[in-house]
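# Results of the structural survey
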Amino acid sequence: MAELTRRLLLASAPLLLAAAPAQSAYDFRFPGIDGGEIDLGQYRGKPMLVVNTASFCGFAPQFSALQKMHERFSPRGLLVLGVPSNDFNQEAKGNAEVKAFCEAEFGVTFPMAAISHVKGPEAHPFFAWAGAPRWNFYKYLVGANGRLLGVFPSKLEPDSPEVVLAIRAAMA
């Protein structure tokens, strides 16, 4: 009887693990804008700046600052991840269009997820875990331990002193 119980528990273990609530940002995966997957677990031990984006938003010029943050801090371990969303009706309709726009207009080379929901019942689990943004270009800073360190609103530029100081502290 004990052996049967052990086998049943082992057989159901993957289901139990899959249903367990996320303990850190490293538990999430995003579909990539080019296909494939962006597994945040690959960045374990490194800080991340996850930003919900929209190509046709008035805050879209922040893509330039995000690219500069990527160039400046990614060699030291920071992941800048853009997550395009049309939840505020300001995004292109397709992933290829978003990617082409971001590369042509802002020189974006940092990783981008596929278009995702960031609010409501269909929100990507990361945003259910970290909190739904109130608008485009909310910035979520995750520490090297995978815990959410801070959320910065749209109006706060990625290269503002507040964001830069928080990133430096997360990298220390």
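This one's a predicted model, so the numbers in the text were calculated from it and none came from an experiment.

### Overview of the overall build of the protein chain
Counting its regular elements, the protein chain contains five helices and six strands. The secondary structure elements of the protein chain, listed N-terminal to C-terminal, are α-β-β-β-α-β-α-α-β-β-α. Residue burial in the protein chain is summarised as follows: out of 172 residues, 45% are buried. Considering only intrachain contacts with a sequence separation of at least 6, the fraction spanning at least 24 residues in the protein chain is 67%. On the protein chain, roughly 8,900 Å² of surface is accessible, and the fraction owed to carbon and sulfur atoms is 58%.

### Focus on the nonpolar core
In this structure, Phe63, Met112 and Ile167 are the most contacted members of the largest nonpolar core, which totals 27 residues. When contributions to this core are tallied by element, the ones reaching two or more residues are β3 (48–53), α2 (62–73), α3 (95–106) and α5 (161–171). In this structure, Phe30, Val118, Phe126 and Tyr140 belong to the second largest nonpolar core, which totals 20 residues.

### Some points on the side chain of threonine 53
Counting through the fold element by element, threonine 53 comes out in strand β3. For threonine 53, a relative accessible area of 0% puts it in the buried group. Contacts of threonine 53, omitting those with residues within four sequence positions, involve Phe63, Gly82, Val83, Pro84, Ser85, Glu91, Met112, Asn136 and Phe137.

### Some remarks on the pattern of salt bridges
A complete count under the given rule lists four salt bridges for this structure. Between arginine 29 and glutamate 37 there is a salt bridge, with the nearest N and O atoms lying 2.6 Å from each other. We note a salt bridge from lysine 99 to glutamate 103, for which the minimum N-O separation is 3.1 Å. Of the two residues, lysine 99 and glutamate 103 both sit in helix α3, four residues apart, roughly one turn of that helix. Residue lysine 99 is classed as partly exposed on the basis of its relative accessible area, which comes to 26%.

Parameters at a glance
Residues numbered from 1 in each chain as written. Predicted model: local features only at pLDDT ≥ 70, side-chain atom pairs only at ≥ 80, totals over all residues. Heavy atoms only, no water. Helix = DSSP H or I, 4+ residues; strand = E, 2+ residues; numbered from the N terminus. Buried < 20%, exposed > 50% of the residue type's maximum accessible area, 1.4 Å probe, protein only. Contact = heavy atoms within 4.5 Å. Areas by Shrake-Rupley, 256 points an atom, 1.4 Å probe, with all protein chains shown as cover. Core = buried A, V, L, I, M, F, W, Y, C linked by side-chain atoms within 4.5 Å. Salt bridge = Lys/Arg side-chain N within 4 Å of Asp/Glu carboxyl O.

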